[in-house]
Amino acid sequence: MRNKTFVAIAIFIVLVAVSTPIAISLYLAWKQSFDDQMDIAALLAEDILRRNDESSDQTLGILTTLAAEGAVDPCSVENIRLMGALDLASEHVQAVGYVKDDWLLCSSYGHHNTPLGPANYITPYGTAVRTLVEFPVLPEKRFLISTDLKSGYTVAIHHNRPLDVFVDEPSISVGVLSSVTNSPIVSRGEFKPAWIDSVGKQTESRFSDGEYLVVVKHSSKYAFAAYVAVPATKVSDGLRRLSRFLVPFGLVAGALLAWMVLCLAKRQLALPAVIKVALKRNEFFLHYQPIVDLQTGQWVGAEALIRWQRPNGEMIRPDLFIAVAEEVGLIPRITERVISLIGDDIHDLFARHPKFHIAINLSAVDLQSRQTIEYLDVLHKKTKAGPGNLIVEATERGFMNVGVAREILDEVRARGIEVAIDDFGTGYSSLSYLESFNLDYLKIDKSFVDTLGKDAATSQVVLHIIDMAKSLNLKMIAEGVETEAQAQLLRQRGVQFAQGWHFGKPVPFSTLLEQLDKSTASLAVTPRVDL
Ligand code: G
Ligand code: G
Ligand code: MN
């Protein structure tokens with residue numbers, strides 16, 4: 001079950017690990033390509049706008065000059081010569097002329113009598129604009145003609161002159177919009193009227209309608225705007241080009257992440273197998289953490305804590321492998337090993353220190369199996385343990401299947417082995433639940449001891465736990481005591497025993513025994529005198 005979940009999670013993480021960098025690199029490539037195409041369109045629009053501004057500057061210049069000259073007969077020889085000179089001097093301008101009542105009467109090329117038809121629109125500067133004028137003499141050419149309404153003077157430029165920009169791609173649409181009519185004055189390629197709606201008042205608008213990326217730039221001087229529309233397919237072309245570089249990067253990054261995840265997963269998956277090997281190779285051993293009497297400071301017992309050192313020197317923490325062993329059903333074998341290691345360690349401990357106890361941690365499953373009693377029986381006999389020399393510690397989780405657990409614990413107690421509830425307060429047990437078990441000790445969890453002396457509201461909890469233990473007639477062992485201040489408070493509250501770094505860290509059995517022999521020897525020399 002655990003393995004399946006783990007494999008599923010690992011596969012999921014690998015998939016995410018591989019696809020996320022690729023998705024991100026693809027997105028970045030797409031974004032880059034999109035921005036690139038927008039920039040190209042903006043540059044083109046800028047170019048078109050500049051040319052139009054120039055044409056308009058020249059047109060306006062010529063119209064103002066002629067009006068200021070104020071020739072009596074606009075079509076006089078001198079005036080026509082002036083028109084020719086102005087025409088020649090202006091790069092964008094093809095012809096200069098004079099219009100009256102929609103007829104072109106004369107121009108820099110001489111006299112005419114050509115009807116021009118009505119104007120397409122009038123600009124805010126009082127100029128009539130005809131966008132597509134054909135002259136019979138020049139059938140292939142179309143002209144954009146601007147006429148000053150007051151003077152009648154007129155300037156003609158080639159219709160497509162404003163769009164005479166370099167566009168390497170025929171699919172790109174370009175054009176100039178009149179801000180008066182909101183329609184193209186000149187255009188090349190597809191134009192969608194809907195684009196006009198997307199144009200704001202600002203000088204430049206950029207948007208995409210799905211089919212085209214469009215940039216519209218308004219002239220700051222005149223009533224027109226240049227637009228450029230690049231087909232959206234150009235973005236995917238660019239994306240393809242960029243992806244060729246970015247996606248391999250994504251793949252490498254993803255593969256690296258996946259590899260790391262797999263390494264971690266492999267480690268986790270392999271753990272049960274490694275635990276089995278460790279059992280065979282005797283890689284487990286025990287440390288013992290002293291438990292002291294808070295009144296006398298005497299060591300009254302020790303908790304056996306499992307330790308695991310791999311052949312490569314790596315220590316694996318019990319929080320890690322005990323949880324795995326619990327899930328894969330290896331706990332009975334570990335408990336069996338722990339109990340047998342205790343038997344090997346303690347020899348004649350109880351003969352030398354008859355009041356000393358050794359506490360053994362049991363897991364929830366241990367309380368469901370009569371096998372545990374058999375292991376404990378062997379230990380009991382081997383160590384010649386008297387009443388109270390052995391303690392088993394069961395966590396609240398151990399009491400889940402109440403019936404069986406109670407039966408087994410009662411049998412354990414019948415042998416003179418005492419029972420402690422471990423990590424108390426971290427589980428879900430209620431008082432009534434607790435009352436239904438026959439217990440001897442309550443171990444106050446380190447998390448509650450930590451709150452002592454701090455002004456935290458939780459420090460109230462420890463007081464309730466102490467009261468509860470008292471009312472249930474349980475002896476108390478406070479865990480994880482790290483300071484004298486904590487010890488002091490616990491002592492004041494009537495807690496009898498404590499365990500923690502303040503008194504001693506977990507040590508090998510030989511060290512424990514040495515200390516124990518030393519302290520009793522010194523006691524023998526200077527016996528305590530009870531007053
Ligand atoms: O000392 P320490 O970090 O080793 O203990 C971590 C956790 O592992 C504690 O909650 C302790 O109860 C648990 N533990 C230590 N030794 C054993 C053991 O022999 N059996 C079981 N079931 N749990 C143990
Ligand atoms: O079985 P139990 O959950 O009681 O496990 C005790 C755990 O607490 C062990 O991991 C032990 O090493 C650790 N421990 C014991 N005393 C102290 C202490 O004073 N401070 C801290 N931080 N950990 C402690
Ligand atoms: Mn414990």
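My aim in this report is to walk through the structure given alongside it, one point at a time. Just so we're clear, the structure is a prediction, and the values are computed from it rather than from any experiment. (Residues numbered from 1 in each chain as written. Chains lettered and ligands numbered in written order. Predicted model: local features only at pLDDT ≥ 70, side-chain atom pairs only at ≥ 80, totals over all residues. Heavy atoms only, no water.)

Turning our eyes to something else, we now look at the overall build of the chain. In terms of helices and strands, the chain carries 14 helices and 21 strands. Over its C-alpha trace the chain gives a radius of gyration of 48 Å, far above what one expects of a compact globule, namely 24 Å for 531 residues. In terms of its C-alpha atoms, the chain occupies a principal-axis envelope of roughly 140 × 50 × 45 Å. Going through the 531 residues of the chain one by one, you find that 46% of them count as buried. Long-range pairs, those at least 24 residues apart, make up 61% of the contacts in the chain with a sequence separation of at least 6. Put simply, the chain shows about 27,400 Å² of open surface, and 59% of that area lies on carbon and sulfur atoms. Charged side chains of the chain number 52 positive and 61 negative; the gap between the two group centres comes to 6 Å. (Helix = DSSP H or I, 4+ residues; strand = E, 2+ residues; numbered from the N terminus. Rg over C-alpha atoms; globule rule 2.2 N^0.38 Å. Buried < 20%, exposed > 50% of the residue type's maximum accessible area, 1.4 Å probe, protein only. Contact = heavy atoms within 4.5 Å. Areas by Shrake-Rupley, 256 points an atom, 1.4 Å probe, with all protein chains shown as cover. Lys, Arg positive; Asp, Glu negative; His and termini not counted. Charge placed at Lys NZ, Arg CZ, Asp CG, Glu CD.)

Using the criterion set out here, one finds 30 salt bridges in the structure. Glutamate 204 is paired through a salt bridge with arginine 206; the nearest N and O atoms lie 2.5 Å apart. In this structure glutamate 204 comes out as partly exposed when scored by relative accessible area, which is 26%. One salt bridge connects glutamate 283 with arginine 310, and the closest N-O pair in it is separated by 3.6 Å. With glutamate 283 in the loop between helix H4 (233-280) and strand S13 (284-293) and arginine 310 in the loop between strand S14 (299-309) and strand S15 (315-316), this residue pair connects regions lying 27 residues apart in the sequence. Residues participating in the shared-partner salt-bridge network are Asp39, Glu46, Glu204, Arg206 and Lys217. (Salt bridge = Lys/Arg side-chain N within 4 Å of Asp/Glu carboxyl O.)

Turning next to the side chain of histidine 357. Looking at the secondary structure, you find histidine 357 in strand S16 (residues 357-362). Setting aside residues no more than four positions away along its own chain, histidine 357 makes contact with Ile291, Val300, Gly301, Ala302, Phe350, Gly388, Asn389, Ile391 and Tyr441.

The environment of ligand 2 is made up of 14 residues, and the closest members are Asp423, Lys446, Glu479, Glu482 and Trp501. The separation between a nitrogen atom of ligand 2 and a polar side-chain atom of glutamine 289 is 3.0 Å. In the environment of ligand 2, an oxygen atom lies 3.0 Å from a nitrogen or oxygen atom belonging to the side chain of glutamate 303. Alone, ligand 2 offers 520 Å² of accessible surface; in the complex the protein occludes 74% of this. Looking at the shell around ligand 2, the elements with two or more residues in it are S14 and strand S18 (418-424). (Near = heavy atom within 4 Å. Polar contact = N/O pair within 3.5 Å; in protein donor to acceptor, adjacent residues only side chain to side chain.)

This part covers the environment of proline 21. Position of proline 21 among the secondary structure elements: in helix H1 (residues 2-69). With residues up to four places along the chain from it excluded, the contact list for proline 21 reads Val16, Gly250, Ala253, Gly254 and Leu257.

Below, the discussion takes up helix H5 (residues 318-328). Among the residues of H5, Phe321, Val324 and Ala325 are the ones counted as buried. Along the axis of H5, the buried residues cluster in a sector spanning 100°; they form a single face. The positive-phi residue at the C-terminal boundary of H5 is glycine 329, with phi of around 80°. (Arc of directions from axis to C-beta.)

Once that is clear, we can look at the sheet that holds strand S8 (residues 173-178). A sheet is described by the order of its strands in space; here five strands give the open sequence S9-S8-S12-S11-S10, paired in antiparallel fashion. Two strands in the sheet have a free side with no partner beyond their single neighbour: strand S9 (183-188) and strand S10 (204-208). Taken over all neighbouring pairs, the strand axes of this sheet differ in orientation by 20° on average, direction set aside. With six bridges connecting them, S8 and strand S12 (residues 224-231) associate as antiparallel partners. The residue of S12 that forms the bridge with valine 174 is valine 228. (Pairing = 2+ DSSP bridges. Axes fitted to C-alpha atoms, helices over the stretch in contact; angles between N-to-C directions.)

The manganese ion (ligand 3) binds to the protein through Glu303 (OE), Asn361 (OD1), Glu393 (OE) and Asp422 (OD), with metal-donor distances spanning 2.1 to 2.4 Å. Between consecutive donors of the manganese ion (ligand 3), the numbers of intervening residues give the motif E-x57-N-x31-E-x28-D. Of the two residues, asparagine 361 sits in strand S16 while glutamate 393 sits in strand S17 (residues 390-395), which places them 32 residues apart along the sequence. The class for asparagine 361 is partly exposed, based on a relative accessible area of 28%. (Donors = N, O, S within 2.8 Å, 3.2 Å for Na, K, Ca; no water.)

Quick look at the packing of aromatic side chains now. According to the stated counting rule, one finds 14 aromatic pairs in the structure shown. Ring geometry for phenylalanine 191 and tyrosine 227: centres 5.2 Å apart, planes at 50°, overall tilted. Of this pair, phenylalanine 191 sits in the loop between S9 and helix H3 (194-198) while tyrosine 227 sits in strand S12, and the two are 36 residues apart along the sequence. A ring pair is formed by tyrosine 288 and phenylalanine 509, whose centres lie 5.2 Å apart and whose planes are at 70°; its orientation type is edge-to-face. Separated by 221 residues along the polypeptide, tyrosine 288 in strand S13 and phenylalanine 509 in helix H14 (residues 509-525) bring together distant segments of the chain. Judged by its relative accessible area of 0%, tyrosine 288 is buried. A residue is classified by how much of its surface remains accessible, and phenylalanine 509, at 9% relative accessible area, is buried. An aromatic cluster is built from Phe191, Trp195, Tyr212 and Tyr227, whose rings are joined through pairwise contacts. Here arginine 406 stacks its cationic end above the ring of phenylalanine 437, 5.5 Å away from the centre of that ring. (Phe/Tyr/Trp six-rings, centres within 6.5 Å; stacked < 30°, edge-to-face > 60°. Lys NZ or Arg CZ within 6 Å of the ring centre and 35° of its normal.)

Picture the strands of a sheet paired through backbone hydrogen bonds; they go either parallel or antiparallel. Strand order in the open sheet formed by seven strands is S3-S2-S1-S7-S6-S5-S4, with antiparallel pairing between adjacent strands. Edge strands, defined here as strands with exactly one partner in the open sheet, are strand S3 (110-115) and strand S4 (121-122). Sheet analysis places strand S2 (residues 103-107) next to S3, joined by four bridges and oriented antiparallel. Looking at S3, one finds that cysteine 106 is bridged to histidine 111. Set on the sheet, helix H2 (residues 77-89) makes contact with strand S1 (95-100), S2, S3 and strand S7 (153-158); between it and S1 the angle comes to about 135°.

Right, let's talk about the site of ligand 1 for a bit. Around ligand 1, the neighbouring residues are Leu305, Ile306, Arg307, Pro318, Asp319, Ile322, Val338, Asn361 and Ser363. Between serine 363 and ligand 1, the recorded distance is 3.0 Å, taken from a side-chain N or O atom to a nitrogen atom. The set of elements that each furnish at least two residues to the shell around ligand 1 consists of S14 and H5. Looking at the shell around ligand 1, its residues break down into five nonpolar, two polar and two charged. (Nonpolar A, V, L, I, M, F, W, Y, C, P; charged D, E, K, R; others polar.)

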